[in-house]
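# Chains, contacts and geometry: an overview
Residues per chain are reported as follows:
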Amino acid sequence: MIRVSEHRFRDASQLTNTTIYISEVIEEDYGLYIWPSSIVLAEYIWQQKDRFAGVQVLELGAGTGLPGIVAAKLGAHVILTDVENNSKVFENASRNCEQNAVDCKILGLTWGDWDSSTLDIKPDIVLGADVLYNASDFDDLFATVASLLQKKPEAVFITAYEPRSGHRSIEFLMVKWKLQCIKLLDAHEILPPEKLSLISSSIEIVEIKTL
Ligand SMILES: C[S@@+](CC[C@H](N)C(=O)[O-])C[C@H]1O[C@@H](n2cnc3c(N)ncnc32)[C@H](O)[C@@H]1O
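Residues numbered from 1 in each chain as written. Predicted model: local features only at pLDDT ≥ 70, side-chain atom pairs only at ≥ 80, totals over all residues.

With an unreviewed UniProt entry as reference, the protein is termed Methyltransferase-like protein 23, source organism Adiantum capillus-veneris. For the record of the protein, the UniProt heading Sequence similarities (unreviewed entry) holds the text "Belongs to the methyltransferase superfamily. METTL23 family." (UniProt positions renumbered as here; feature names shortened; annotations may be inferred.)

Next comes the structure, spelled out in structure tokens:
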């Protein structure tokens, strides 16, 4: 079963208001429906729109692709990635790009694995919504983030996540992979009132760069 959710993005001028439509497949696969962190990350991207025009963006663990699709609407060249060979997730992400009239590239990228198709990618901004949930994947995820960021000195990883557990291992891995946190915000600081009710848990937005 597929349901379509509507995500509205507003600003003070009302001139650039946008609505994104996301198909969610009601099946037991984490990548087939929207997680609250992606609503937060997409809103953060919308509010930071000047950073996204014309830049190269890669989203890790993109699932339905909401944050990347918002970045594409703002003029970024976007690659949505998720675990390799997950055809249902890729089909759904592709449908979401089509129904929002954006042209994102869709690619298999399993954290910690590299092949020739990913080696050449040099993103300005790496995105990840709710990709820090399984502590056994953290090392591979940070290895991938570090490898992507080191290709451009100003590249940044922007992630929104629910601080569940594994904080210590995140701090340890940031040191191991020579990364630093340059910004930390609580979702409540940026969400408009109509979106606050969609978020029941605490969600943080973090910006990370290489040391
Ligand atoms: C909790 S879901 C979040 C999905 C989406 N970003 C969102 O917030 O709605 C985690 C996503 O990471 C992907 N994922 C999990 N393990 C992965 C791995 N080892 N390599 C690449 N992607 C992975 C899943 O397929 C899924 O799409």
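What follows is about the site of the ligand. Around the ligand sit 21 residues, and of these G31, S38, G61, G63 and A129 come closest. Grouping the constituent residues of the shell around the ligand by class yields 10 nonpolar, 8 polar and 3 charged. (Near = placed C-beta within 6 Å. Nonpolar A, V, L, I, M, F, W, Y, C, P; charged D, E, K, R; others polar.)

With that settled, the discussion passes to helix α5 (residues 138-149). The terminal C-alpha atoms of α5, which comprises 12 residues, lie 16 Å apart, in line with the 16 Å expected from a rise of 1.5 Å per residue. Contact partners of the buried residues in α5: β3 (56-60), β6 (125-129), β7 (156-161), α6 (167-176), β8 (179-186) and β9 (204-210). (Helix = DSSP H or I, 4+ residues; strand = E, 2+ residues; numbered from the N terminus. Expected span 1.5 Å × (residues − 1). Contact = placed C-beta atoms within 7 Å.)

Let's shift gears to the pairing of β6. Across the 5 residues of β6, 5 count as buried, placing the element largely inside the fold. Relative to β6, β3 is paired through 4 bridges, and the arrangement is parallel. Counted as the bridge partner of L58 is V126 from β6. In this structure, β6 lies alongside β7, joined through 5 bridges in parallel fashion. Bridge pairing links A129 to A160 in β7. (Buried ≥ 20, exposed ≤ 12 C-beta atoms within 10 Å, placed from the backbone. Pairing = 2+ DSSP bridges.)

Quick look at unusual backbone geometry now. You will see that A101, though not glycine, has its phi angle at about 55°, which is positive. As for its position among the elements, A101 is in the loop between α3 (87-99) and β5 (105-108). Classification of A101 by C-beta neighbours within 10 Å gives exposed; the count is 9. Of note, the phi angle at K178 is positive, near 55°, even though the residue is not glycine.

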